[in-house]
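Each chain is listed here by its residues.
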Amino acid sequence: MANKPHVSVSKKPLALRLRQYGPPLILIAPSVILVGIFVYGLIGHNFYMSMLDAHTVAQSTGAKESSFVGFENYVTLFGDADFIHSLKNLILMTVAFLIGTLCLGFIWAWILEKPIAGEGIFRSIFLFPMAVSFVASGVVWKWLLNSAQGEDAAGLNRLFQMVGLGFLQNPWAQNISTGILAIAIPAIWQLSGYVMALFLAGFRGIPAELREAARVDGASEWKIYRYVIFPQLAPVALSAVIIIGHMSLKSFDLIMSITDQRTYATKVPAIDMFNYMTDGDYSMSAAVGAVLLILVAIAVIPYLIYDAKEDRN
């Protein structure tokens, strides 16, 4: 029996495909073009600038042509003890920021999750700091974290002195080793309410039937939280870690509002990037920006991959 000739399935006519895909492509084309130019294009230009020797304003403006130096700026950057200090500060602040916001946010959500009188009032109070800009709150916290002690004490140090807790007075943000942890205090105060809202939504999304079924099976309250509630809150906690973590990595305005840009104790890479820029060293500023971008990508990309896998499942 002779084999029948293979007949390929004809593709859709070009006109039909244009009618099907043309309008959506035209609709998203402006956004794609703008994002491509002003986001990815500028990111690419930043990486390119970080590999030049444009270390003065004159070079960057074309008075002297800048040459390509590869990763030399990055080697110089990571060989700088001041920049390593900034990275250590960033890690300290991120860890403190995450632990503080997650713990306070969870506790507040756990309290409000139970029916209590005036829940709306408390929820508004906890969420209010999030509505204040970091610059505005930084001005207030600059006074609260005043480093003066003794008779000249102000802010929290003055409060400790008045209530007989003078031994708690400290230089706050002026401390070389732990000054950045003082900056984490207002950051935690400001964003704990946001994490509370995330956890509260997670609590309210857990069906009451699951808890009742666990109680019928004889599970204690601790086991209900451990085996029923906590697993359900894991995606919420992961989202909170990613959001708070990447905000901490980019910290700039709050630190600038509380301390001066040249304050060594509270320096972070974003401050270094600003200082290099104001000094006219565009290549080193771009190198710091590239490092920050990579750090944020390391924090965010695993979450995006995890989220994409969950959507497929």
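Residues numbered from 1 in each chain as written. Predicted model: local features only at pLDDT ≥ 70, side-chain atom pairs only at ≥ 80, totals over all residues. Heavy atoms only, no water.

## Re a nonpolar patch on the surface
On the surface, Ile33, Leu34, Val35, Ile37, Phe38, Val39, Tyr40 and Leu42 cluster together to form a nonpolar patch covering roughly 800 Å² of accessible area. Structurally, Leu34 can be placed in helix H1 (residues 14-49). For Leu34, a relative accessible area of 49% translates into the label partly exposed. (Patch = residues over 30% accessible without salt bridge, like charges linked within 9 Å, V, L, I, M, F, W, Y side chains within 5 Å. Areas by Shrake-Rupley, 256 points an atom, 1.4 Å probe, with all protein chains shown as cover. Salt bridge = Lys/Arg side-chain N within 4 Å of Asp/Glu carboxyl O. Helix = DSSP H or I, 4+ residues; strand = E, 2+ residues; numbered from the N terminus. Buried < 20%, exposed > 50% of the residue type's maximum accessible area, 1.4 Å probe, protein only.)

## Quick word on the confidence of the model for the protein chain
Mean pLDDT over the protein chain works out to 86, with 93% of the residues at or above the 70 mark. Put simply, helix H2 (residues 57-60) is where the protein chain has its lowest mean pLDDT, 50, and helix H3 (residues 72-78) is where it has its highest, 94. (pLDDT = per-residue confidence, 0-100.)

## Some remarks on unusual backbone geometry
Phi is positive for Trp172, which is not a glycine, with a value near 55°. The residue Trp172 is located in the loop between helix H7 (155-162) and helix H8 (179-204) in this model. Residue classification places Trp172 among the buried residues on the basis of a relative accessible area of 11%.

## With respect to empty space enclosed by the protein
A full pass over the atoms with the stated rule returns one cavity of 30 Å³ or more. In this structure, the largest cavity encloses a volume near 30 Å³. Contributing to the lining of the largest cavity are Ile255, Met256, Thr259, Asp260, Gln261, Thr263, Thr266, Lys267 and Ile271. Here the lining of the largest cavity is composed, by residue class, of three nonpolar, four polar and two charged. (1 Å grid on protein atoms, 1.4 Å probe; cavity = no way out; pocket = protein on both sides within 12 Å on 5 of 7 lines; lining within 4 Å. Points joined across faces, edges and corners; volume = space filled by probe spheres on them. Nonpolar A, V, L, I, M, F, W, Y, C, P; charged D, E, K, R; others polar.)

## Some points on the nonpolar core
Counting residues in each nonpolar core, the largest one holds 46 residues, and the members touching the most others are Met93, Leu145, Leu156, Ile183, Ile229 and Ile255. Secondary-structure elements contributing two or more residues to this core are helix H4 (81-113), helix H6 (134-144), H7, H8, helix H10 (221-249), helix H11 (253-258), helix H12 (269-278) and helix H13 (282-312). For this core, the element with the most residues is H8, which contributes 12 residues. Beyond its immediate sequence surroundings of up to four residues, Met93 is in contact with Ile180, Ile183, Ala184, Ala187, Ser248, Ser251 and Ile255. Phe83, Leu87, Met284 and Ala290 belong to the second-largest nonpolar core, a separate cluster that totals 11 residues. (Core = buried A, V, L, I, M, F, W, Y, C linked by side-chain atoms within 4.5 Å. Contact = heavy atoms within 4.5 Å.)

## Brief notes about the environment of Ala182
With respect to the helices and strands, Ala182 occurs in helix H8. Considered as a pair, Ala182 and Leu145 are 37 residues apart in the sequence and their alpha carbons are 7.6 Å apart. Residues contacting Ala182, with those up to four places away along its chain left out, are Leu145, Trp172 and Ala173.

## Focus on the pattern of salt bridges
Evaluated as defined, the whole model comprises five salt bridges. The partner of Arg211 in a salt bridge is Glu113, with the nearest N and O atoms 2.8 Å apart. Note that Arg211 is positioned in helix H9 (residues 208-216) and Glu113 in helix H4, a separation of 98 residues in sequence. Take Arg211 and Glu113: they sit in the same class, and that class is buried. Two residues, Asp279 and Arg262, come together in a salt bridge whose shortest N-O distance is 3.2 Å. Of this pair, Asp279 sits in the loop between H12 and H13 while Arg262 sits in the loop between H11 and H12; the two residues are 17 residues apart in sequence, bridging distant segments of the chain. When its relative accessible area of 45% is taken as the criterion, Arg262 is described as partly exposed.

## A short note on the packing of H6 against H8
Contact geometry of H6 with H8 gives a least axis separation of 11 Å together with a crossing angle of 130°. Taken as axis vectors, H6 and H8 run oblique relative to one another. Judged by the sense of rotation from one axis to the other, the crossing of H6 with H8 is right-handed. Within the contact between the two elements, H6 uses Phe134, Ser137 and Trp141 and H8 uses Ile185, Pro186, Trp189, Gln190 and Leu191. (Axes fitted to C-alpha atoms, helices over the stretch in contact; angles between N-to-C directions. Parallel < 35°, antiparallel > 145°, perpendicular 65-115°, else oblique. Left-handed = near helix turned anticlockwise from the far one by under 90°.)

## Here we look at the side chain of Ser192
On the secondary structure map, Ser192 appears in helix H8. A polar contact of 2.6 Å, which involves the side chain of Ser192, links it to the backbone oxygen of Ile188. The contacts of Ser192, once residues within four sequence positions are left out, are Gly100, Thr101, Leu104, Gly105 and Trp108. (Polar contact = N/O pair within 3.5 Å; in protein donor to acceptor, adjacent residues only side chain to side chain.)

## Some remarks on H6
Working note: α-helix, 3.6 residues per turn, so residues spaced by three or four point in the same direction. Restricting attention to buried positions, one finds in H6 the residues Ser137, Gly138, Trp141 and Leu144. Buried residues of H6, viewed axially, fall in a sector of 110°; they line one side. Of the exposed residues in H6, those oriented more than 90 degrees away from the buried face are Val139 and Trp143. (Arc of directions from axis to C-beta.)

## Quick notes on the packing of aromatic side chains
Tallied over the entire structure, the rule returns 11 aromatic pairs. Ring geometry for Phe71 against Tyr74: centres 5.9 Å apart, planes inclined by 50°, an arrangement best described as tilted. Residue Tyr74 is classed as buried on the basis of its relative accessible area, which comes to 11%. When the centroid spacing of 4.2 Å and the interplanar angle of 5° are considered together, the rings of Trp108 and Phe126 count as stacked. With Trp108 in helix H4 and Phe126 in helix H5 (residues 119-127), this pair connects stretches of sequence that are 18 residues apart. With respect to class, Trp108 is no different from Phe126; both count as buried. (Phe/Tyr/Trp six-rings, centres within 6.5 Å; stacked < 30°, edge-to-face > 60°.)

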